[in-house]
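Here is how the chains run, residue by residue.
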Amino acid sequence: MSTSSDIKPELRTVAQAPSSVRGTRLTLQAATLGRRDAPVLADVDLDIARGEILTVVGPSGCGKSTLLRTLASLLPPLAGEIDQDGHPLAGPSAERALIFQEDALLPWRTLRANVELPLAIGRVPRSERRVQAEEWLARVGLADHARQLPHRVSGGQRQRAQLARALAGRPRAVLMDEPFGALDAQTRAGMQDLLVEVLRGTGATVVFVTHDVDEALFLGDRVALLGAGRLLAVRDIPRPRDRTALDDPARVALRRDVLTSLGT
Amino acid sequence: MSRPAPRAGRYRRPLPPIGRYALRVAALAAALGLWQVLTSLDVDLWLRFSQFPTVTDVAHAFADRVSGADYWTDLTDSLTRIVTGFLLAAVLGVAGGVLVARSRLAEDLLGPLLEVVRPIPAIALVPVAILLFPSNEEGIVFITFTAAFFPVLVSTRHSVRALTPVWEEAVLTMGGGRWRILGSVVLPGALPGIFGGLSVGIGVSWICVISAEMISGQYGVGYRTWQDYTIVNYPGVFVGMVTIGVLGWLTSTTVELLGRRLTRWLPRTSYVPGARPTPSRTLAPARPAPAAVRTEQPSGTEEARDEHLV
């Protein structure tokens, strides 16, 4: 995005909180996930470290969204245990924000009012809410669109507003469900850069679901592969969030591995 | 509302707003003129206009009434009854609709009862009202309330059930609780549907308040109209009918305008039906280009224009 250059200076002022403390650790032990009549993922053991970006890839219908919705506590686990920092999850909470693929902004609220919503829920005083919401919108390059209704702006702008809304609540984990899936390739690359910029300094743990292997390998510290109703593997990604790492031999090899395991 | 939509659509483009107003006034004047001609000439074909009061008779009667105190007492009585009944119905209808849509227990407890009572015409509840309430006044309000309650309840229930689940899930993952979801998602999201029910409800309320006044009222426009009929004062009957028409039109316009104001966030095309670019016989083949331009022009002006033309 053209605005990424004027985002950086603001970031420093915001990252007052020691960034390493904000994240949260999420652990799944022998967890079975899905709806009661239709379990999708069985026997999942996964340890998501504080402040890391874990990307999740897999064919459609493999349970990527189910995993996220379970981590957000919108869906209870059918078996096993899911902990946050060693304590079992107890219902949805502002600590674990969820970003949806599209159309999750409330259409009757302006972009700014949408971003103010988590602040209102968190009992931030009204005047402070407005200031913070405008800051977040500026950070994702939407300062000029703060008073627009969601259906008046483009799909990419709506997703940026969703990102601002999710981060405004200062969550300790951000769960993202194919947030850029509906965007064209060019907008998507811009959004990935923006996401990296904006996340830096929040220290939040991120679980990012995508069907795009290249996106997963660019954004993630680690990538989790789902398929055949199971967690197939979790792999470390060499040189994450580095656009020049595309032809790094280690990255190329990992990309081939991931594609083969998804193909079978 | 007053005129079929396709006709309004066809005349929309060639005529500026002033022209549309003129057309509406002219149509009304033409209807009055026809009435005057038929009645003053005592036309007695299959339809008999000989006993019918003329427009001027009615106008004289109207002028007499308006200068007297009774007319205004009737008016305020009827308005008080309908406003009380309708507001009660709006509040309880929305509350009941949300409750039934969101709670399985409420649905099981209230659902069957509501479904059985719903088909009973509100006016058929006059005996019940007479038995239940100490005075006619409360009975009439009760009947008005019942008339508007069910349309509001049913449309609220439907629109709450049709809400996108993602909105609720988003608020849940922001840490919002039950009341936050009610106030920030359910009520605003269901508002377009609720106003659909309110528009229907205010219309049915008028029918019922007038009928109830005719049966059991003391004062009120319906009561006066029926009184005039029993003493064979036909111009008086027509004064009553005109009054009912104007009051009904004013109240439903109020509801309509309030609804538009509160649901301004709706994407335009799905809302104002008149704004649809209807293919018009006279224009489309000859001038295709302006039609394309029209769909692109900002819709704000059309909205502003439409609000005054309800």
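Please read all numbers here as calculations on a predicted model, not as lab measurements. (Residues numbered from 1 in each chain as written. Chains lettered and ligands numbered in written order. Predicted model: local features only at pLDDT ≥ 70, side-chain atom pairs only at ≥ 80, totals over all residues. Heavy atoms only, no water.)

### Description of the sheet that holds strand S3 (residues 53–57) of chain A
Residues and elements named next belong to chain A.
Turning to step 1, where the next piece is worked out: Pairing within the open sheet is mixed, and its six strands lie in the order S6-S7-S8-S3-S9-S10. Looking at which strands have only one partner, the edges of the open sheet turn out to be strand S6 (96–99) and strand S10 (230–236). Each strand axis lies, on average, 20° off the axis of its neighbour in the sheet, ignoring direction.
Turning to step 2, where the next piece is worked out: Inspection of the sheet shows strand S7 (residues 173–177) paired to strand S8 (residues 205–209) by five bridges, in the parallel sense. Bridging from a neighbouring strand, aspartate 177 pairs with valine 209 of S8.
Turning to step 3, where the next piece is worked out: Sitting on the sheet, helix H9 (residues 249–263) is in contact with S3, strand S9 (222–227) and S10, with an inclination near 175° to S10. (Pairing = 2+ DSSP bridges. Helix = DSSP H or I, 4+ residues; strand = E, 2+ residues; numbered from the N terminus. Axes fitted to C-alpha atoms, helices over the stretch in contact; angles between N-to-C directions. Contact = heavy atoms within 4.5 Å.)

### As for the UniProt feature "transmembrane region" (unreviewed entry) in chain B
Turning to step 1, where the next piece is worked out: The UniProt record annotates "transmembrane region" (unreviewed entry) at residues 21–38, 82–101, 113–133, 181–212 and 232–258 of chain B.
Turning to step 2, where the next piece is worked out: Between the C-alpha atoms that bound residues 21–38 of chain B the distance is 26 Å, and the span itself is 100% helix and 0% strand. (UniProt positions renumbered as here; feature names shortened; annotations may be inferred.)

### Remarks on the confidence of the model for chain B
Residues and elements named next belong to chain B.
Turning to step 1, where the next piece is worked out: Summing up the model confidence of chain B, the mean pLDDT is 80 and the portion of residues at 70 or higher is 81%.
Turning to step 2, where the next piece is worked out: Every residue in residues 1–12 scores below 50 in pLDDT, and together they form 15 contacts with partners more than four places removed in sequence or on other chains.
Turning to step 3, where the next piece is worked out: The low-confidence segment residues 270–310 (pLDDT under 50) makes 44 contacts with residues lying over four places distant or belonging to another chain. (pLDDT = per-residue confidence, 0-100.)

### Focus on the interface of chain A and chain B
Turning to step 1, where the next piece is worked out: Taken residue by residue, the interface counts 25 residues in chain A and 19 residues in chain B.
Turning to step 2, where the next piece is worked out: Between chain A and chain B, the buried area comes to about 1,800 Å², and carbon and sulfur atoms account for 70% of it.
Turning to step 3, where the next piece is worked out: Put simply, chain A and chain B have one salt bridge between them.
Turning to step 4, where the next piece is worked out: Where glutamate 169 of chain B meets arginine 69 of chain A, a salt bridge forms, and the shortest distance between an N and an O atom there is 2.7 Å.
Turning to step 5, where the next piece is worked out: Mapped by element, the contributors of at least two residues to the side of chain A that touches chain B are S6 and helix H4 (111–121) of chain A. (Buried area = accessible area lost by both parts, 1.4 Å probe. Salt bridge = Lys/Arg side-chain N within 4 Å of Asp/Glu carboxyl O.)

### Let's talk about unusual backbone geometry
Residues and elements named next belong to chain A.
Turning to step 1, where the next piece is worked out: The backbone phi angle of arginine 170 is positive, close to 45°, even though this residue is not glycine.
Turning to step 2, where the next piece is worked out: By the secondary structure assignment, arginine 170 is in the loop between helix H6 (155–168) and S7.
Turning to step 3, where the next piece is worked out: For arginine 239, which is not glycine, the phi torsion reads 50° and is therefore positive.
Turning to step 4, where the next piece is worked out: Checked against the element boundaries, arginine 239 lands in the loop between S10 and H9.

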